[in-house]
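A structural walkthrough
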Amino acid sequence: KAGIPLGVMKVLDPRQLKPDNTETERILTVFDETIVKLEITRLIPQIIGSLERFARMLGPEITSSLVELQKLSMEVQDLLASPGDEEKRRAVEQRLKCSLRNTLRLFLANPLLYHGLKYEVWVRESPADVFIKAFKEFRDFTLERLLTSPDEEKEKIQFMEEISLRVAKNTEAMSAVQAELEAAIQTQDEEIKSKDKKIENLKISMEDLAKECKADIQQITKEGEKQQKEDEKASQERCARLEQDVLRLRAQFKALVLEHRASELVLRKKKCETEREIEKWVQKYDTDMAQKQAIYEEVEAVYKEEKAQLALLMEKHALLLQEYTEIEEERRMLKEKAEEAAREAARRNDAATYIQAFWKGYLVRSIYKSKLKKGKGRARGRKK
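Within each chain, residues carry numbers counting from 1 in the order of the written sequence. Given that this is a predicted model, residues contribute local features only at a pLDDT of at least 70 and side-chain atom pairs are listed and counted only at 80 or more, while totals for whole chains, interfaces and linings are drawn from all residues. Only hydrogens and water are set aside when side-chain values are computed; all heavy atoms of the structure are taken into account.

- The chain is annotated in an unreviewed UniProt entry as Dynein regulatory complex protein 10 of Daphoenositta chrysoptera.
- Per UniProt, the chain has the following entry under Function (unreviewed entry): "Component of the nexin-dynein regulatory complex (N-DRC), a key regulator of ciliary/flagellar motility which maintains the alignment and integrity of the distal axoneme and regulates microtubule sliding in motile axonemes." UniProt positions are given in the numbering used here, feature names are shortened, and annotations may be inferred rather than shown by experiment.

Below is the structure:
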């Protein structure tokens, strides 16, 4: 990929191509609309088969169009089953085509409905899928041809020429190998010639054997032709029996169709009654929901009022909480001051007690020393 030019890469990879003018976009729009129509046409038989299920989703206009399309389709099938009036059949087929075109227009006018049905309706794989896939590939091919510019075409040609040069180089290498191969083939041809002589001798002996077997082959051929005639006769008889069975089954099919139409009328009546009953229940549901909606609105008004009161209370609570925090902080500081004062008073009391004890000891020692001095003076006077 590194050696391939950008224009060639665009041609080789259609996903990189994008419309570059209005005319190309119009052509692509026609292709895309045709693809959508093919996909809708593929879904229509399954939708008609379950029309009651999708009636509410489709709406009355599309539903009536599909019912008309179903009737025309059944009428065409009946005309094909019993060939007769060719002009009538062509007229019915023309009406069927017009009805189909009208139905496709209604679907295309409502793209959301088509995309919804695309995921709701399950369709088995059929030859129509192969045709749609081939048409999409044709659309991509047309887009590729429309968007390939002359410069890109030149790049593509140049790229192909480079490839041709590479092929020429490879061819030269192959010619050398071819020469070696021819030499080997020549030696092999000599061996083959010797073997051909042996084969020629064997052919002569086989021709003699073929002449002997020719008579046997002619006899076997006559017996085979006889057996073939007998098989053809038995096959004709079997075809006649099958045709009788087909006629009998067609009669049974018509009887079953009439029977099913009668049962369809009964089911339609039941469906109408069911729809009326559903309409009554829907009206009752709407009435009940209106009452409950009124109650809900009253409760919501009370809730909003209480919510506003709660917001006011929360604001007051925040203010009170701030004041309480400040008061607690003041109390803590006062408590700390009181504790500090108590500790200071205890220290002072301890210091005072210590000073008093020291002073008392000092006084006692002073009194005791004075007494001792007096006793010594008296003793000295007596000695004299």
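Read on, since the account is not over.
**Here's the deal with the layout of surface pockets**
- Here the largest pocket defines a volume of roughly 650 Å³.
- Points on a 1 Å grid, built from protein atoms alone, make a cavity when a 1.4 Å probe fits but cannot get out and make a pocket when they are open with protein on both sides within 12 Å along at least 5 of 7 lines; residues with an atom within 4 Å of a point are the lining residues. Around the largest pocket sit 23 residues that line it, and Gln70, Met74, Arg261, Glu264 and Arg268 are the ones nearest its centre.
- Elements represented by at least two residues in the lining of the largest pocket include exactly α2 (22-49), α3 (51-58), α4 (60-81) and α8 (150-383).
- Helix and strand labels come from DSSP, where a helix needs a run of H or I of at least four residues and a strand needs a run of E of at least two; each type is numbered from the N terminus. Sorting elements by how many residues they give to the lining of the largest pocket places α8 first, with eleven residues.
- When its residues are assigned to classes, the lining of the largest pocket shows ten nonpolar, six polar and seven charged.
- Grid points are joined across faces, edges and corners, and a volume is the space filled by probe spheres set on the points. By volume, the second largest pocket is sized at about 280 Å³.
- Taken together, the elements giving at least two residues each to the lining of the second largest pocket come down to α2, α4 and α5 (86-109).
- Among the elements that take part in the lining of the second largest pocket, α4 stands out by supplying five residues, more than any other.
- Here the nonpolar group is Ala, Val, Leu, Ile, Met, Phe, Trp, Tyr, Cys and Pro; Asp, Glu, Lys and Arg are the charged ones; every other residue, Gly included, is treated as polar. For the lining of the second largest pocket, the residue count by class is seven nonpolar, four polar and one charged.

**Observations regarding the packing of α2 against α4**
- Axis separation between α2 and α4 bottoms out at 11 Å; the angle between their running directions is 95°. Classified by the angle their axes make, α2 and α4 are roughly perpendicular. Contacts between α2 and α4 involve Ile44, Ile47 and Ile48 on the former and, on the latter, Leu66, Leu69 and Gln70.
- Residues of the contact of α2 with α4, tallied by class, amount to five nonpolar, one polar and no charged. Helix axes are fitted to C-alpha atoms over the stretch in contact, other axes to C-alpha atoms as well, and angles between N-to-C directions run from 0 to 180 degrees. An angle below 35 degrees is treated as roughly parallel, one above 145 as roughly antiparallel, one from 65 to 115 as roughly perpendicular, and anything else as oblique. Residues are treated as being in contact if the distance between any of their heavy atoms lies within 4.5 Å.

**Overview of the confidence of the model for the chain**
- On average, residues of the chain score 78 in pLDDT, and 87% of them reach the 70 mark or higher.
- A residue's pLDDT is simply how confident the predictor is in it, with values from 0 to 100. Considering each helix and strand of the chain separately, the mean pLDDT is smallest for helix α1 (residues 6-12), with a value of 43, and largest for α8, with 82.
- Note on residues 1-17: pLDDT under 50 across the span, and 22 contacts to partners over four residues away in sequence or across chains.

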